[in-house]
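Here is how the chains run, residue by residue.
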Amino acid sequence: PFSTSTTISYTITETVPVELSIVNMQGDLVCSLWKGVQSAGSFRVIWNGVNRFGQPAASGIYLCLLRFKDQTQTAKMIIMK
């Protein structure tokens, strides 16, 4: 759980197109944190809890989706204000 921001860490083992996004529990896009090609390595991205319109996201459960190659990794996050 977090109230204002959280750090998302992930590792990519080869150079691939990557998409990192936040969706709500209905599957609607809240915001896109990264979309592009990344080299192999470890990365950290900070989500400041705002949606794609720059407004604070409501308290609740969200999913962080990391897509690369044919894989999707998911992590559940909770905003508590």
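Heads up: the structure comes first, above all this text.
Residues numbered from 1 in each chain as written. Predicted model: local features only at pLDDT ≥ 70, side-chain atom pairs only at ≥ 80, totals over all residues. Heavy atoms only, no water.

### Notes on the pairing of strand E3 (residues 29-38)
Along any regular strand the residues' side chains alternate between the sheet's two faces.
Here is step 1 of the chain: For strand E2 (residues 16-24) and E3, the ladder comprises eight bridges, and the chain directions are antiparallel. Considered in E3, the bridge of Ile22 is made with Cys31.
Here is step 2 of the chain: In this structure, the hairpin formed by E2 and E3 is closed by a connection of four residues, where Gly27 is found at a positive phi of approximately 90 degrees. (Pairing = 2+ DSSP bridges. Helix = DSSP H or I, 4+ residues; strand = E, 2+ residues; numbered from the N terminus.)

### What to know about the sheet that holds strand E5 (residues 60-68)
Here is step 1 of the chain: Spatial ordering of the open sheet is given by E3-E2-E5-E6, a layout of four strands whose pairing is antiparallel. Of all the strands in the sheet, the pair left with one neighbour each is E3 and strand E6 (71-79). Averaged over all neighbouring strand pairs, the angle between strand axes comes to 15 degrees, with direction disregarded.
Here is step 2 of the chain: Pairing analysis gives seven bridges linking E2 to E5, with the strands arranged antiparallel. Counted as the bridge partner of Glu19 is Arg67 from E5. (Axes fitted to C-alpha atoms, helices over the stretch in contact; angles between N-to-C directions.)

### Things to note about the state of the cysteines
Here is step 1 of the chain: If you walk through the whole model with that rule in mind, you get zero disulfides.
Here is step 2 of the chain: Of all cysteine sulfurs, the one in Cys64 lies closest to Cys31, which takes part in no disulfide; the gap is 8.9 Å. (Disulfide = S-S within 2.5 Å.)

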